[in-house]
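# Secondary and tertiary structure notes
Take a look at the letters that make up each chain.
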Amino acid sequence: MRPKWTAAAIAVFVATLTGIGGAPAQGAGLAVPSEQDKNYLITAHQFNLAQIDLGQLARLKGTAAAVRDLASKIVTDHLTLDEALIPVANQFGVTLPASPDDAQKVTQSQLEAMPAGADFDREWSASELSTHTTAINQGQAEISGGTEPAVIKLAQDAAAILAVHHGSLMRASTAASPPSHVDSGTGGLADPRRTLIPLAITAAGLLLIMAGVTLRRRSSL
Amino acid sequence: MNRGPNLMLVAGVVLVAVGAFGLKPVLLPPPHNSAPAVLPASLGEGVPVEITIVDQDITAPVVAVGTERDGSLELPRVDEVGWWVGGATAADAAGSVVLAGHVDGRAGKGALYMLDEIQPGAVIDVRTRTTTASFSVTGVHKYHKQKLPAELFRADGPHRLVLITCGGPFDYSTGHYRDNLVVIADPFSG
């Protein structure tokens, strides 16, 4: 059976590979990031962990090929983003959580409880669209209000990737709810019967004129 | 003197005038010459930004639209055409590029008012930010609004253009048309 990699396990694995899984560097040269930088590193890391878990879930459970493909891309991209984030957090002595936050865990549980099908695709893509919007806003806050260039660079790199995810999620979310009807006219100008009444009135008028002319000719004889 | 014939003549002239007024064509809104709407780049390079129905000399800007909560397709302004975000883009290899626009509105004719006159073989150009994709009309269909085939919105079927507006008799009590007019067009490299 194919092993299921959890986000936390992947985070530990990535940290081990990069050799920075232990205690943060100590000493006089340790830079002190701002609260904004710290918060960004923590929330972005937890978002990455949540996306890896949610992506893996949809990769297995998604019904639409577009959802499964997007889920795979989300897993790959957030693994890459977290690989870049962890060394920077260690560089600044920021302790990263080992799991997604409580709200993200609740979302994961709710989606795990759903059966595979169109409803799952719709819920997953709508939820992901919403959380990506939040993540994009958090990234913009770091880009405009952060202090450490290395952290700001992380936010800038993530922004381009999140924008692509957002666009794809917008399409997947909409595709999961195809329209049932199209209300594209409220004027009545294109009603094929619209010309019949004026035609009938015109015809009646012409008949009256012809009758009037005929009667006048007869009365003048 | 018998006034009957004269009254008939006057009444006839009045009726002809009233009828002719009802038949007079309603002027189309002026061509939309403003720059096409800017869509999020993340939606892809193939996102339509403008449509031209070549035979009818109609050009309209295209904006991205979704699905409303009541299940209806979101529609843009009366002089614009909407690209359904859940469908294919003009650059995709598969799926329906779904475009929809008003036949009319309370203020006058819509961007797709003339769509019911389109003929098989007519060319429709869909411009994206980087290129133009041409489609050739292969069919014109009319469906009751509540029976619009879900198959029209498939993202995994053959690549084609699906152009939708309203048609059929207008229900003055509800303010809506009974039918949807659907034009299907296949990719065409002219």
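The present account deals with the structure reproduced in this document. (Residues numbered from 1 in each chain as written. Chains lettered and ligands numbered in written order. Predicted model: local features only at pLDDT ≥ 70, side-chain atom pairs only at ≥ 80, totals over all residues. Heavy atoms only, no water.)

Right, let's talk about the packing of aromatic side chains for a bit. Residues and elements named next belong to chain B. In total, this model carries three aromatic pairs over all chains according to the counting rule given. A ring pair is formed by Trp84 and Phe153, whose centres lie 5.4 Å apart and whose planes are at 75 degrees; its orientation type is edge-to-face. One end of the pair, Trp84, is in strand S3 (residues 81–84); the other, Phe153, is in the loop between strand S8 (132–144) and strand S9 (160–171), with 69 residues separating them in the sequence. No difference in accessibility class separates Trp84 from Phe153, as the two residues are buried. For the pair Phe170 and Tyr172, a centre-to-centre distance of 4.8 Å together with 80 degrees between the ring planes defines the contact as edge-to-face. (Phe/Tyr/Trp six-rings, centres within 6.5 Å; stacked < 30°, edge-to-face > 60°. Helix = DSSP H or I, 4+ residues; strand = E, 2+ residues; numbered from the N terminus. Buried < 20%, exposed > 50% of the residue type's maximum accessible area, 1.4 Å probe, protein only.)

It is worth spelling out unusual backbone geometry at this point. Located in the positive-phi region is Asp57(B), a residue other than glycine, with phi close to 55 degrees. Relative accessible area serves as the criterion here: at 69%, Asp57(B) is assigned to the exposed category.

Turning our attention to the sheet that holds strand S4 (residues 96–101) of chain B. Ordered by their spatial adjacency, eight strands build a closed barrel running S1-S2-S3-S4-S9-S10-S8-S7 (chain B), and the pairing between neighbours is mixed. Across this sheet, the average inter-strand angle for adjacent strands is 35 degrees, counted without regard to direction. (Pairing = 2+ DSSP bridges. Axes fitted to C-alpha atoms, helices over the stretch in contact; angles between N-to-C directions.)

This paragraph deals with the packing of helix H2 (residues 35–61) of chain A against helix H3 (residues 65–91) of chain A. Residues and elements named next belong to chain A. Two numbers describe how H2 lies on H3: the axes approach to 8 Å, and their chain directions differ by 155 degrees. In terms of their interaxial angle, H2 and H3 are classed as roughly antiparallel. Here H2 runs over H3; the crossing is left-handed. Here the contact of H2 with H3 is composed, by residue class, of 16 nonpolar, seven polar and three charged. (Parallel < 35°, antiparallel > 145°, perpendicular 65-115°, else oblique. Left-handed = near helix turned anticlockwise from the far one by under 90°. Nonpolar A, V, L, I, M, F, W, Y, C, P; charged D, E, K, R; others polar.)

With that settled, the discussion passes to the side chain of Lys61(A). Residues and elements named next belong to chain A. Inspection of the secondary structure assignment puts Lys61 in helix H2. For Lys61, which is buried and forms no salt bridge, the nearest opposite charge comes from Glu112, at a distance of 7.5 Å. Here Glu112 takes part through its backbone oxygen, which lies 2.7 Å from a polar atom of the side chain of Lys61. (Lys, Arg positive; Asp, Glu negative; His and termini not counted. Salt bridge = Lys/Arg side-chain N within 4 Å of Asp/Glu carboxyl O. Polar contact = N/O pair within 3.5 Å; in protein donor to acceptor, adjacent residues only side chain to side chain.)

Take the packing of H2(A) against helix H5 (residues 118–145) of chain A next. All names here are of chain A. Packing of H2 against H5 leaves a shortest axis separation of 11 Å and a crossing angle of 160 degrees. By the angle class used here, H2 and H5 are roughly antiparallel. The handedness of the crossing between H2 and H5 is left-handed. Packed against H2, whose contacting residues are Gln36, Asp37, Tyr40, Thr43, Phe47, Gln51, Leu54, Leu57, Ala58 and Lys61, the element H5 presents Phe120, Trp124, Glu128, Thr131, His132, Ala135, Gln138, Gly139, Ala141, Glu142 and Gly145 at the interface. In terms of residue class, the contact of H2 with H5 is made up of nine nonpolar, eight polar and four charged. (Contact = heavy atoms within 4.5 Å.)

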